[in-house]
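Descriptive analysis of the structure
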Amino acid sequence: MLYIAAHPDDENTRLITWMSKEKLFRTAYISLTRGDGGQNLIGSELSENLGLIRTRELMAARAIDGGEQFFTRANDFGYSKTSNETLDFWEKEKVLEDMVYVIRKIKPDVMICRFPPDSRAGHGHHSSSAILAKEAFDAASDASKFPYQVAEFGTWQVKRIYWNTFRFGSNNTITEQQLKLDAGGYNILDGKSNGEIAAESRSQHKSQGFGVPSQRGTQLEYFSPVSGDTIVSDPFENIPSFWEQSPSGKVISNLLKKIIAAYNFQNPSASVDQLLTVRSLIRKMPSSTIQIQKLKEIEKIIKDAMGLWTSAYSYRERYAEQDTIHITLQSILRNFPEATLKVNGVIYSDSSNSISLSKQLFQSRKMVLAGSITNSQPYWLKENHPLGVFTIPDKKKLESHGMMYLCWYLLNCLLKTIH
Ligand SMILES: [Zn+2]
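Not measured: the values here are computed from a predicted model. (Residues numbered from 1 in each chain as written. Predicted model: local features only at pLDDT ≥ 70, side-chain atom pairs only at ≥ 80, totals over all residues.)

Digging into the overall build of the protein
Under the convention used in this document: Numbering of helices and strands starts at the N terminus; helices are DSSP runs of H or I of at least 4 residues and strands are runs of E of at least 2. Values of the radius of gyration come from C-alpha atoms, whereas the globule rule sets the reference at 2.2 Å times the count of residues to the power 0.38. Placing C-beta atoms from the backbone, we regard two residues as in contact once those atoms come within 7 Å.
In terms of regular secondary structure, the protein is built from eleven helices and 18 strands. Radius of gyration (C-alpha) of the protein: 23 Å, near the 22 Å computed for a compact globule of 419 residues. On the principal axes, the C-alpha backbone points of the protein span a range of 65 × 50 × 45 Å. Summarising the internal contacts of the protein: among those between residues at least 6 apart in sequence, 68% fall at separations of at least 24.

Considering the domain arrangement of the protein
The line we're drawing: Boundaries between domains were set according to an automatic or database domain assignment.
Splitting the protein by domain gives domain 1 (2–239), domain 2 (243–306) and domain 3 (308–377 + 403–418). Relative to domain 3, the C-alpha centre of domain 1 lies at a distance of 36 Å.

Side note on helix H10 (residues 289–306)
The test is simple: Expected helix span is computed as 1.5 Å times (number of residues minus one). The exposure label follows from counting other C-beta atoms within 10 Å of a residue's C-beta, where the C-beta atoms are placed from the backbone and the thresholds are 20 or more for buried and 12 or fewer for exposed, leaving partly exposed in between. Here the arc refers to the set of directions running from the helix axis out to each C-beta atom.
Taking 1.5 Å of rise per residue, 18 residues should cover 26 Å, and H10 covers 26 Å from first to last C-alpha, within 8% of that figure. Of all the positions in H10, only Lys 294, Ile 298, Ile 302, Ala 305 and Met 306 are classed as buried. The buried residues of H10 all sit within an arc of 105° when viewed along its axis, so they share a single face. In this structure, H10 carries Ile 292, Lys 296, Glu 297, Lys 300 and Asp 304 as exposed residues pointing more than 90 degrees from its buried face. Turning to H10, the residues buried within the fold contact helix H9 (272–284), strand E12 (308–314), strand E13 (326–333) and strand E14 (338–343). A positive phi of about 70° marks Gly 307, the residue just after H10.

Some words on the sheet that holds E13
As a reminder of what qualifies: Each pair of strands is called paired provided DSSP finds at least two bridges between the two strands. Here, axes are lines fitted to C-alpha atoms. For helices the fit covers the stretch in contact, and angles between N-to-C directions go from 0 to 180 degrees.
With antiparallel pairing, four strands are arranged side by side in an open sheet as E12-E13-E17-E15. Edge positions in the open sheet fall to E12 and strand E15 (346–349), since each of these has one partner strand only. Each adjacent strand pair in this sheet contributes to an overall mean axis angle of 30°, direction not counted. Sheet topology places E12 next to E13; seven bridges connect them, and they run antiparallel. Among the inter-strand pairings, Leu 308 is bridged to a residue of E13, identified as Leu 333.

Section: the environment of Gln 204
Within the secondary structure layout, Gln 204 lies in the loop between helix H7 (194–202) and strand E11 (220–228). In sequence terms Gln 204 and Ala 60 are 144 residues apart; their C-alpha atoms lie 6.4 Å from each other. With residues up to four places along the chain from it excluded, the contact list for Gln 204 reads Glu 57, Ala 60, Ala 61 and Ile 64.

Topic: the sheet that holds E11
Taken together, seven strands build an open sheet; the order of strands is E3-E2-E1-E4-E5-E11-E8 and the sheet is mixed. Strand pairing shows two members of the sheet lacking a second neighbour, strand E3 (68–71) and strand E8 (179–182), which therefore form its edges. The average angle at which neighbouring strand axes cross in this sheet is 30°, direction not considered. Here strand E2 (residues 28–31) pairs with E3 via four bridges, running parallel. Bridged to Ile 30 within E3 is Phe 70. Helix-sheet contacts for helix H5 (residues 124–139) involve strand E1 (2–5), strand E4 (110–113), strand E5 (160–165) and E11, and the interaxial angle to E4 is about 165°.

Quick word on the packing of H9 against H10
Quick note on the threshold: Roughly parallel covers angles under 35 degrees, roughly antiparallel covers those over 145, roughly perpendicular covers 65 to 115, and oblique covers all other angles. Crossing handedness follows the turn of the near helix against the far one: under a right angle anticlockwise gives a left-handed crossing, and clockwise gives a right-handed one. Polar here means any residue other than Ala, Val, Leu, Ile, Met, Phe, Trp, Tyr, Cys and Pro, which are nonpolar, and Asp, Glu, Lys and Arg, which are charged; Gly is therefore polar.
In contact at an axis separation of 10 Å, H9 and H10 are set at 165° when each is read in the N-to-C sense. When the axis of H9 is compared with that of H10, the two are roughly antiparallel. In this structure, H9 meets H10 at a crossing whose hand is left-handed. Here Val 272, Leu 275, Leu 276, Val 278, Arg 279, Ile 282 and Arg 283 of H9 lie close against H10, whose contacting residues are Gln 291, Lys 294, Leu 295, Ile 298, Glu 299, Ile 301, Ile 302, Ala 305 and Met 306. Looking at the contact of H9 with H10 residue by residue, the class counts come to eleven nonpolar, one polar and four charged.

Considerations on the packing of helix H1 (residues 13–22) against H7
For any two helices packed against each other, one specifies the inter-axial angle together with the distance between the axes. One way to put it is that H1 packs onto H7 with a least axis distance of 8 Å and a crossing angle of 120°. One finds that H1 runs oblique with respect to H7. Our pair here, H1 against H7, has a crossing hand that is right-handed. On H7, the residues that touch Thr 13, Arg 14, Thr 17, Trp 18, Lys 21 and Glu 22 of H1 are Asn 194, Gly 195, Ile 197, Ala 198, Ser 201 and Arg 202.

A look at unusual backbone geometry
Here Leu 24, not a glycine, exhibits a phi torsion of approximately 60°, which is positive. Along the chain, Leu 24 turns up in the loop between H1 and E2. In this structure, Gln 360 is a non-glycine residue whose phi angle is positive, near 70°. Within the element layout of this structure, Gln 360 appears in the loop between strand E16 (354–358) and strand E17 (363–369).

Observations regarding H7
Where burial is concerned, most of H7 is hidden: eight out of the nine residues are buried. Within the sequence span of H7, burial applies to Asn 194, Gly 195, Glu 196, Ile 197, Ala 198, Ala 199, Ser 201 and Arg 202.

Spelled out as structure tokens, the structure:
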């Protein structure tokens, strides 16, 4: 599911929580801007510096509600009364290109807009997000649109697109005839209602003065269809899971059901052997963005079940380009007999680049990071930009989230494979 709106804090965290934590859908929010044009209740930062803060606030919100976060090149250039003005500043086709890129890459079955494409949205950015969402819905399946993306990801037909209607003060767009669902369920594994998790998530928008109360009990969400196939009662009906779409997927699905049925929460490592079998079966599936995503997910589960912990740190917080960066990699396997950690991206290690882990044995390894590392900088601010759009030459960056912190970089370099 892909949720679409204009700013950090526009998103419906309760619906995102319901989808991500209750239904276990892969759930994403695309905020067309980073909110540079807003106000700042907690500091003096404005414009690009505020956009950076709000980018991080969105990331903190997603870490709580379980959604993924995407952006486009659009800049929040300030208040805009009409969508015509907004789309002019945003150089419309560029923002559309970025939205279609994300759709083709993550392949959502359902798109949901926060706003309608007209004045009921209350703001030119908001109505523009709905206009662009509908156009992106159509363009993603059209091979003549942005063909360089088709070469990489293929086209994608989203099954349906909705507007998630709302009641904001006196602005009420909900009617009882609309499709509805109860997003207020209780998540027994987290011991929290969706409305409690959503409130924690929403309260991350600190620069905007958020801090919203937890809600418990039934919370209805309403939907008005925009385009796509005809549905009867449930906005998510007739959507087969990835596993149900191929014979090998069905085999994996059955094995996962067995693993879950036998899962011992006091000894997660008892599931590791079967989880490794699942990983090898996923590896044999035809490569696709969804197959790659499933592989990442199973590897995270395996690492967690093994109790694997790793951390890499440098000796200074800042380096200049061309500096030699000395680092220490620490690792421990806390809940599994043994494993091998293979390390790449280093030019020197005090022994081999392969670390043998055994249960509860803490290891510390000194290394020197290889290759030239350029200065870390928010990628969308590297180049000068016109008022309405950032200049981002590399589309792959649309899914990354802000400053490239050194330790984050180190871990991504270092942790290659676990056997
Ligand atoms: Zn907004």
